[in-house]
Amino acid sequence: GQEPIVSLDNEDDISPVVVAVRTKVDLVRRKLLRMNDWNCARTTAKLAQVKQDINNTGWDYLYEIPSDPECLRIVQISVDDGKSYIDLDDYYNHNRGPREALFDIEGTRLMSNSPSVFIKYTADIDPSLFDSTLAPAYVAMLAAELSYCLPASVSLGEYMVKLARTELKNAK
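Sequence order sets the numbering: in each chain, residues are counted from 1 along the sequence as written. Local features are withheld for residues below a pLDDT of 70 in this predicted model, meaning they are given only at 70 or higher, and side-chain atom pairs are given and counted only at 80 or more; totals for whole chains, interfaces and linings count all residues. Values shown for side chains rest on all heavy atoms present in the structure; no hydrogens or waters enter the calculation.

**What to know about the packing of aromatic side chains**
Point 1. Pairing of aromatic side chains here covers Phe, Tyr and the six-membered ring of Trp, requires ring centres within 6.5 Å, and sorts the geometry by plane angle: under 30 degrees stacked, over 60 edge-to-face, intermediate tilted. Summed over all chains, the structure comprises 2 aromatic pairs.
Point 2. The interplanar angle of 35° and the centroid separation of 6.5 Å between the aromatic rings of Tyr61 and Tyr63 together place this pair among those described as tilted.
Point 3. A 1.4 Å probe rolled over the protein chains alone gives each residue an accessible area, and that area as a share of the maximum for its type sets the label: buried under 20%, exposed over 50%, partly exposed in between. Residue classification places Tyr61 among the partly exposed residues on the basis of a relative accessible area of 26%.
Point 4. Residue class for Tyr63 comes out buried when judged on its relative accessible area of 1%.
Point 5. Relative to Tyr138, the ring of Phe130 lies with its centre 5.4 Å away and its plane at 85°, an arrangement referred to as edge-to-face.
Point 6. Under the relative-accessibility criterion, Tyr138 is labelled buried at 7%.
Point 7. A ring is scored as having a charge over it whenever the NZ atom of a lysine or the CZ atom of an arginine sits within 6 Å of its centre and within 35 degrees of its normal. In this structure, Lys120 is placed above the aromatic ring of Tyr85, and the distance from its NZ or CZ to the ring centre is 4.5 Å.

**Examining the state of the cysteines**
Point 1. Two cysteine sulfurs form what is called a disulfide whenever their separation falls within 2.5 Å. This model, assessed by the stated rule, comprises 0 disulfides.
Point 2. Cys71 supplies the cysteine sulfur nearest to Cys40, a cysteine that is in no disulfide, at a spacing of 15 Å.
Point 3. Given the relative accessible area of 14%, Cys71 is considered buried.

**Description of the nonpolar core**
Point 1. Counting 40 residues, the largest nonpolar core has Leu32, Leu33, Trp38, Leu110 and Ile119 as its most contacted members.
Point 2. For helices the rule is a DSSP run of H or I covering at least 4 residues; for strands it is a run of E covering at least 2, with both sets numbered from the N terminus onward. Looking at this core, the element that brings in the most residues is helix 3 (residues 134-147), giving 8 residues. In this description, a nonpolar core means a group of buried Ala, Val, Leu, Ile, Met, Phe, Trp, Tyr and Cys residues linked to one another through side-chain atoms lying within 4.5 Å.

**Observations regarding the sheet that holds strand 2 (residues 48-49)**
Point 1. An order of 2-3-7-6 is seen for the 4 strands of this open sheet, with the pairing classed as antiparallel. The two strands at the open ends of the sheet, each matched to only one other strand, are strand 2 and strand 6 (103-106).
Point 2. Inspection of the sheet shows strand 2 paired to strand 3 (residues 61-64) by 2 bridges, in the antiparallel sense. Its bridge partner being in strand 3, Gln49 is matched across the sheet by Tyr63. We call two strands paired when DSSP finds no fewer than two bridges between them.

**Quick look at the packing of helix 1 (residues 16-34) against helix 3**
The relative placement of two packed helices is expressed as an angle between their axes plus a distance between the axes.
Point 1. Axis lines are fitted to C-alpha atoms, over the contacting stretch for helices. Their N-to-C directions set the angle, which ranges from 0 to 180 degrees. The interhelical angle for the contact between helix 1 and helix 3, taken along N-to-C directions, is 135°, at an axis separation of 9 Å. Taken together, the axes of helix 1 and helix 3 lie oblique to each other. Along this stretch, helix 1 crosses helix 3, giving a crossing that reads as right-handed. Across the interface between the two elements, Ala20, Val21, Lys24, Val25, Val28, Arg29, Lys31, Leu32 and Leu33 from helix 1 touch Leu134, Ala137, Tyr138, Met141, Leu142, Glu145 and Leu146 from helix 3.
Point 2. Counted by class, the contact of helix 1 with helix 3 contains 12 nonpolar, no polar and 4 charged residues. Oblique is the label for any angle not covered by the other classes, which are roughly parallel (under 35 degrees), roughly antiparallel (over 145) and roughly perpendicular (65 to 115). Helix crossings fall into two classes, left-handed where the near helix is turned counterclockwise from the far one by less than a right angle and right-handed where it is turned clockwise. Here, two residues are considered to be in contact whenever any of their heavy atoms come within 4.5 Å of each other. In this count, Pro and Cys sit with the nonpolar residues alongside Ala, Val, Leu, Ile, Met, Phe, Trp and Tyr, while Asp, Glu, Lys and Arg are called charged and the others, Gly among them, polar.

**Describing the packing of helix 3 against helix 4 (residues 154-171)**
Point 1. Where helix 3 contacts helix 4, the axes come no closer than 8 Å and their chain directions differ by 155°. By the angle between their axes, helix 3 is roughly antiparallel relative to helix 4. For the element pair helix 3 and helix 4, the recorded crossing hand is left-handed. In this structure, helix 3 uses Leu134, Pro136, Ala137, Ala140, Met141, Ala143, Ala144 and Ser147 to contact helix 4, whose residues at the interface are Gly157, Met160, Val161, Leu163, Ala164, Glu167, Leu168 and Ala171.
Point 2. Residue classes in the contact of helix 3 with helix 4 are distributed as 13 nonpolar, 2 polar and 1 charged.

As structure tokens, this is what we get:
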């Protein structure tokens, strides 16, 4: 019995369903995009140097992490002018011990001793750009999230969570 939602842009529409969807839609999209290195959301960028005093940091260069499209997750980094890339998961999991660090990330800034840094990252993209396996995972995750904040049965909520897990597994 719920009327279809025509637009989330109408700020005058304060119905509980529209408010719930408006609240969750961006959170769920960003959460999903951070979960994996999705091909449709992967972007490569040469980082722009920031002209700022970075004395006492131990680094020679400071870079701004991209904000358009916003970087949600750095997947790979190159400190040799884009000739080769290091997978960040591998780097953080296996770069323990006395080896010299190649970079450090603090908030929206990356510090390195390299004069040129490239990254491959997961961008915050519009759902219309999702591929045919990621889109159903997004819809299922959003439905699962909404099933707990809107009047619905517990069994429907549990079903939506299972469906979201299945769709996410299929998308990866």
